[in-house]
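Chain by chain, the residues run as shown.
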Amino acid sequence: MTSGEKEKKRSRLAELLDRCSAPADPALTLPGPDGAVRCVSCANRCLIRPGKRGICRVRFNDEGVLRVPWGYVAGLQIDPIEKKPFYHAVPGGKALSFGMLGCNLHCAFCQNWFSSQTLRDEASSALPTECDAATMVREAVRHNVDAVISTYNEPLITADWAHAVFSEAKKQGLLCGFVSNGFATPEVLAYLRPVTDLFKVDLKCFDDKTYRTLGCRLAAVLESIQQLVDLGYWVEVVTLLIPGFNDDEAELRALARFLAGVSPHLPWHVTAFHPQYKMNNQCSTTPEDLRRAWQIGRDAGLHHVYAGNLPGRVGTLEDTTCPGCGNVVVERTGFTVRRNRIHNGACPDCGTVVAGYWTRQETAVRSLEMLRS
Ligand code: SF4
């Protein structure tokens with residue numbers, strides 16, 4: 001494909017996406033000079049002039065009005081909630097997962113580059129499918145899911161649409177959640193909170209220089225994690241462990257100390273990398289690498305550290321243990337929950353409360369207080 005053809009393909013897709021758009025929610029914009037609008041949906045806080053796009057390329061200024069993605073999905077499927085991964089939210093439950101297109105970052109190791117980098121990388125050919133929020137939620141109910149999750153691409157850049165879908169889902173009593181890079185603003189987190197319960201943050205490393213190569217800032221992500229907990233979201237953090245990229249021992253120890261300082265009850269998932277996208281020559285993460293990171297998390301004082309993406313190869317490190325007596329309370333292999341012994345939000349052996357959203361309603365308030373204490 002010539003560069004001219006690539007450019008044509010990109011602009012055709014941008015036109016198609018621009019048709020699937022609506023004015024931004026006023027809560028996520030600030031007025032700027034001469035028709036410019038500042039978007040506050042992520043920590044880039046782009047000032048967008050008329051006719052221009054934000055860094056994510058999917059939010060754009062049309063004659064002084066910020067227009068944002070609306071009324072479509074690029075991926076829609078029912079997943080085990082453990083796949084997100086949420087391990088402390090309705091274990092064994094089902095989640096209707098939906099994604100749109102685009103991202104505010106450009107990670108060389110992205111697992112979902114096909115949809116996230118669609119406006120940057122001509123190798124991607126993901127396309128939008130029009131839909132409406134009520135229909136999506138009707139399908140969720142028909143399939144008896146427990147949660148509706150915005151995932152696959154970065155949901156912060158499509159927060160207005162997620163808010164619309166979650167507002168419908170809440171009428172049906174479903175849990176709602178984000179799987180996000182956490183490069184958020186206080187404005188977007190406050191906007192989402194009334195309709196959002198769960199928030200998974202990808203903490204990609206603990207080095208600001210490395211973070212900046214992805215188009216992000218470490219401090220902004222750390223602030224978001226603290227704000228999420230303060231606002232009462234149920235938060236789980238994931239770090240994709242990439243040999244030679246973010247697995248330096250001192251860096252991992254600093255990361256784990258930060259999380260334990262937010263709350264020792266905050267679950268931390270260290271997951272295995274498999275070569276892909278622009279990092280297809282990098283080594284895979286071994287079970288030994290995951291065990292080492294797991295131990296670092298436990299040494300820092302975190303009660304719940306999980307080794308992921310290598311099902312059945314990390315012994316008991318996929319299980320949830322009671323922070324009181326140490327007995328296994330949820331047994332897992334990969335995304336399968338083999339046994340859930342949590343009773344009324346607590347360990348059946350010693351009665352210690354285990355932080356989590358163990359059913360759609362039960363103990364949520366108590367658990368959130370544990371994260372915040
Ligand atoms: S979502 Fe982020 S990257 Fe996109 S326009 Fe808004 S501030 Fe910029």
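Just so it is clear, the model here is predicted, and its values are computed rather than measured.

### A look at the side chain of aspartate 319
Residue placement: aspartate 319 occurs in the loop between strand E16 (305-308) and strand E17 (320-321). Despite its burial, aspartate 319 pairs with no opposite charge; the closest candidate is arginine 332, at 5.6 Å N-O. Here arginine 332 takes part through its backbone nitrogen, which lies 2.8 Å from a polar atom of the side chain of aspartate 319. Each residue touching aspartate 319, except ones within four places of it in the same chain, is listed here: Tyr306, Val328, Val330, Glu331 and Arg332.

### Description of the nonpolar core
If you look at the biggest cluster of nonpolar residues, it comprises 108 residues, and the most contacted ones within it are Leu203 and Trp268. Domain assignment of the residues forming this core places at least three in each of domain 1 (3-69) and domain 2 (72-312). When neighbours within four sequence positions are excluded, leucine 203 is seen to be in contact with Tyr211, Leu218, Val221, Leu222, Ile225, Val237, Val238, Thr239, Leu255 and Leu259.

### Concerning the sheet that holds strand E1 (residues 21-23)
Across a sheet, strands are paired by hydrogen bonds formed along the backbone, either parallel or antiparallel in direction. Taken in spatial order, the 3 strands of this open sheet run E1-E6-E5, and their pairing is antiparallel. Sheet topology places E1 and strand E5 (60-62) at the edges, where each strand pairs with a single neighbour. Between one strand axis and the next, the sheet turns through 45 degrees on average, direction left out of account. Where E1 and strand E6 (residues 65-69) come together, 3 bridges link them in antiparallel fashion. Its bridge partner lying in E6, alanine 22 is registered against valine 68.

### Observations regarding the packing of helix H3 (residues 133-142) against helix H4 (residues 159-171)
For the pair H3 and H4, the least separation of the axes is 9 Å and the interaxial angle reads 50 degrees. Classified by the angle between their axes, H3 and H4 sit oblique to one another. For the pair H3 and H4, the crossing hand works out as right-handed. Where H3 abuts H4, its residues Ala133, Ala134, Met136 and Val137 lie against Trp161, Ala164, Val165, Glu168 and Ala169.

### What about the domain arrangement of the protein?
For the protein, the assigned domains read domain 1 (3-69) and domain 2 (72-312). Using C-alpha coordinates to define each centre, domain 1 is positioned 24 Å away from domain 2. Each side of the interface is counted separately: domain 1 has 25 residues, and domain 2 has 32 residues. Looking only at domain 1, the three residues that lose the most surface to domain 2 are Leu13, Ala43 and Pro69, adding up to 20% of its buried area. Our count for the domain 1 to domain 2 interface comes out at 2 salt bridges. For the salt bridge of aspartate 160 with arginine 59, the shortest nitrogen-to-oxygen distance reads 2.9 Å. Viewed at the interface, domain 2 and domain 1 are joined by 9 residue pairs in polar contact (both at pLDDT 80 or more). Taken together, the elements giving at least two residues each to the side of domain 1 that touches domain 2 come down to helix H1 (3-19) and E6.

### Some thoughts on unusual backbone geometry
Each neighbour pair has its own omega, and for lysine 84 with proline 85 the value is -10 degrees, a cis peptide bond. Residue position: proline 85 is located in the loop between strand E8 (75-80) and strand E9 (94-99). The backbone of arginine 45 shows a phi angle near 45 degrees, a positive value even though the residue is not glycine. With respect to the element layout, arginine 45 can be found in the loop between strand E3 (37-39) and strand E4 (47-48). Residue class for arginine 45 comes out partly exposed when judged on its relative accessible area of 29%. In this structure, asparagine 344 is a non-glycine residue whose phi angle is positive, near 50 degrees. Counting through the fold element by element, asparagine 344 comes out in the loop between strand E19 (336-340) and helix H10 (364-372). For asparagine 344, a relative accessible area of 52% translates into the label exposed.

### Structural notes on the packing of aromatic side chains
Across all of its chains, the model carries 8 aromatic pairs by this definition. Between the aromatic rings of phenylalanine 98 and phenylalanine 166, the centroid separation amounts to 6.3 Å while the plane-to-plane angle is 75 degrees, which identifies the pairing as edge-to-face. Taken together, the residues span a long stretch of sequence, with phenylalanine 98 in strand E9 and phenylalanine 166 in helix H4 at a distance of 68 residues. The pair formed by phenylalanine 98 and phenylalanine 166 is uniform in burial state, with each residue classed as buried. Of the aromatic side chains, those joined through ring pairs into one cluster are Phe98, Phe166, Phe178, Phe199 and Tyr233. Its guanidinium or amino end placed over the ring of phenylalanine 60, arginine 53 lies 5.3 Å from that ring's centre, counting from NZ or CZ. Across the ring face of tyrosine 233, the terminal group of arginine 193 is positioned such that the distance to the ring centre comes to 5.3 Å.

Rules used in this analysis
Residues numbered from 1 in each chain as written. Predicted model: local features only at pLDDT ≥ 70, side-chain atom pairs only at ≥ 80, totals over all residues. Heavy atoms only, no water. Helix = DSSP H or I, 4+ residues; strand = E, 2+ residues; numbered from the N terminus. Buried < 20%, exposed > 50% of the residue type's maximum accessible area, 1.4 Å probe, protein only. Lys, Arg positive; Asp, Glu negative; His and termini not counted. Salt bridge = Lys/Arg side-chain N within 4 Å of Asp/Glu carboxyl O. Polar contact = N/O pair within 3.5 Å; in protein donor to acceptor, adjacent residues only side chain to side chain. Contact = heavy atoms within 4.5 Å. Core = buried A, V, L, I, M, F, W, Y, C linked by side-chain atoms within 4.5 Å. Domains from an automatic or database assignment. Pairing = 2+ DSSP bridges. Axes fitted to C-alpha atoms, helices over the stretch in contact; angles between N-to-C directions. Parallel < 35°, antiparallel > 145°, perpendicular 65-115°, else oblique. Left-handed = near helix turned anticlockwise from the far one by under 90°. Buried area = accessible area lost by both parts, 1.4 Å probe. Phe/Tyr/Trp six-rings, centres within 6.5 Å; stacked < 30°, edge-to-face > 60°. Lys NZ or Arg CZ within 6 Å of the ring centre and 35° of its normal.

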